[in-house]
Amino acid sequence: MSPAKKNGGDQAADAGGVRSVQRAVEIMSLLGEERPVISIREIVEATGLAKTTVIRLVQTLEQNGLLWAASNGYLPGPGLWRWAHLARSSWELPPETRKVMRDLGARRRETVNLYMVRDIYRVCVAQQESPQPLRHVVHVGDELPLWAGASSKVLLRDAPETLLRRVAVASPYGEGHVKRLREWIDEAAHQGWADSHGEREDGLSAVAVPVIGRSGSVVAALSLSGPTVRFPEEIVEQYAADLRQVAGEMSERGFDHPLSPAR
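In this text the structure is predicted, and so the values were computed from the model without any measurement.

**Some remarks on the packing of aromatic side chains**
Part 1 of the reasoning: Inspection of every chain in the model, using the stated rule, returns two aromatic pairs.
Part 2 of the reasoning: Lying over the aromatic face of Trp184, Lys153 brings its terminal NZ or CZ to 4.4 Å of the ring centre.

Put into structure tokens, the structure is as follows:
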């Protein structure tokens, strides 16, 4: 076989393997709190894949412990426990950091979030929900855009120009949004905190401060968020002062996380 044909065959095999992995991930992602069990028919309808393909993928997932056959369909398999334990030990914040976030949430009665940058998104890596019925909830692991929001304004402080442009292009405002981003970033850097009111979602406000890493750069954003009606100007300044104190404690302790820049 000629090298060209061999390489072409290898590339086709790689593409097929990647496609199978993607399909398997798509099947697993159909499971959730609202749908803990799923049938073959539901998978076929949701993915548009042929039934024979779905059966083959499901059988492979079951053989590896990622799915478990039940009388009414398939549910997450016991093999996920090992991965869940590994993910938790890798991503969970130190007890001291979780405690100061809990204390802040209890004291201010608003949702406390900790965000970090991943590409053009900010990822929620920890949260303490507000005890109030009307509250802002973002699930840990959720990705939100960087083109707006108090946390984005502090997270982008050390961002290179290329990232700012990519964030702007992905926004509803286009590349011209870079100018506004720079203004927000400069203002947040000057005052040490940032706020936002209805920038990404009507009726939602937030206050955020940077968490500084060992290198002196911003590695995370700590925020309080909730309904705009509960965020008047005088309260925002109080929240900012409280957040800066807590973020300072986190920075002094040495913030470490898988998403932190390599040291």
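**Comments concerning the sheet that holds strand E3 (residues 111-118)**
Part 1 of the reasoning: What the six strands build is an open sheet, ordered E5-E4-E3-E8-E7-E6; its pairing is antiparallel. The strands lining the two open edges of the sheet, one partner per strand, are strand E5 (143-145) and strand E6 (194-197). If you compare each strand with its neighbour and ignore which way they point, the axes differ by 35° on average.
Part 2 of the reasoning: Sheet topology note: the strand E4 (residues 121-128)/E5 ladder contains three bridges and is antiparallel. Bridged to Val123 within E5 is Glu143.

**A few points about the packing of helix H2 (residues 40-47) against helix H3 (residues 51-63)**
Part 1 of the reasoning: Viewed as axis vectors pointing N to C, H2 and H3 meet at an angle of 115°, and their least axial separation amounts to 10 Å. Considering only the axes of H2 and H3, their crossing is right-handed. Here H2 contributes Ile40, Ile43, Val44 and Thr47 to the contact with H3, which in turn contributes Lys51, Val54, Ile55 and Val58.
Part 2 of the reasoning: The residue makeup of the contact of H2 with H3, split by class, is six nonpolar, one polar and one charged.

**Here we look at unusual backbone geometry**
Excluding glycine, most residues fall at negative phi; most peptide bonds, likewise, are trans.
Part 1 of the reasoning: Its identity is not glycine, yet Arg109 carries a phi of approximately 60°, on the positive side.
Part 2 of the reasoning: Examined against the element boundaries, Arg109 turns out to sit in the loop between helix H5 (95-108) and E3.
Part 3 of the reasoning: Judged by relative accessible area, which is 42%, Arg109 ranks as partly exposed.
Part 4 of the reasoning: In this model, Asp119 sits at a positive phi of 60°, which is unusual for a non-glycine residue.
Part 5 of the reasoning: Here Asp119 lies in the loop between E3 and E4.
Part 6 of the reasoning: Its relative accessible area of 37% is what places Asp119 among the partly exposed residues.

**Details of the packing of H5 against helix H9 (residues 233-253)**
Part 1 of the reasoning: Two elements in contact, H5 and H9, have axes whose closest approach is 10 Å; the angle formed by their N-to-C orientations is 170°. The angle between H5 and H9 places the two elements in the roughly antiparallel class. In this structure, H5 contributes Glu96, Thr97, Val100, Leu104, Arg107 and Arg108 to the contact, and H9 contributes Gln238, Tyr239, Asp242, Leu243, Val246, Glu249, Met250 and Arg253.
Part 2 of the reasoning: In terms of residue class, the contact of H5 with H9 is made up of six nonpolar, two polar and six charged.

**Details of the environment of Gly198**
Part 1 of the reasoning: Along the chain, Gly198 turns up in the loop between E6 and strand E7 (204-212).
Part 2 of the reasoning: We classify Gly198 as partly exposed; its relative accessible area is 26%.
Part 3 of the reasoning: For the pair Gly198 and Gly149, spaced 49 residues apart in the sequence, the C-alpha separation amounts to 8.4 Å.
Part 4 of the reasoning: When residues no more than four places from it in sequence are discounted, the contact partners of Gly198 are Gly203 and Leu204.

**Let's talk about the environment of Gly73**
Part 1 of the reasoning: Checked against the element boundaries, Gly73 lands in strand E2 (residues 73-76).
Part 2 of the reasoning: Judged by relative accessible area, which is 10%, Gly73 ranks as buried.
Part 3 of the reasoning: With 31 residues separating them in the primary sequence, Gly73 and Glu42 have C-alpha atoms 9.4 Å apart.
Part 4 of the reasoning: Beyond its immediate sequence surroundings of up to four residues, Gly73 is in contact with Val37, Ile38, Ser39 and Trp68.

**Notes on helix H8 (residues 177-191)**
Each turn of an α-helix holds 3.6 residues, which means side chains three or four residues apart point in the same direction.
Part 1 of the reasoning: For H8, spanning 15 residues, the distance from its first C-alpha to its last is 22 Å, which sits close to the expected 21 Å at 1.5 Å a residue.
Part 2 of the reasoning: Restricting attention to buried positions, one finds in H8 the residues His177, Val178, Leu181, Trp184, Ile185 and Ala188. On an axial view of H8, the arc spanned by its buried residues comes to 125°, and they lie on one face. Facing away from the buried side of H8 by more than 90 degrees, the exposed set consists of Lys179, Asp186 and His190.
Part 3 of the reasoning: Against helix H6 (150-155), helix H7 (161-169) and E6 lie the buried residues of H8.

The rules behind these values
Residues numbered from 1 in each chain as written. Predicted model: local features only at pLDDT ≥ 70, side-chain atom pairs only at ≥ 80, totals over all residues. Heavy atoms only, no water. Phe/Tyr/Trp six-rings, centres within 6.5 Å; stacked < 30°, edge-to-face > 60°. Lys NZ or Arg CZ within 6 Å of the ring centre and 35° of its normal. Pairing = 2+ DSSP bridges. Helix = DSSP H or I, 4+ residues; strand = E, 2+ residues; numbered from the N terminus. Axes fitted to C-alpha atoms, helices over the stretch in contact; angles between N-to-C directions. Left-handed = near helix turned anticlockwise from the far one by under 90°. Contact = heavy atoms within 4.5 Å. Nonpolar A, V, L, I, M, F, W, Y, C, P; charged D, E, K, R; others polar. Buried < 20%, exposed > 50% of the residue type's maximum accessible area, 1.4 Å probe, protein only. Parallel < 35°, antiparallel > 145°, perpendicular 65-115°, else oblique. Expected span 1.5 Å × (residues − 1). Arc of directions from axis to C-beta.

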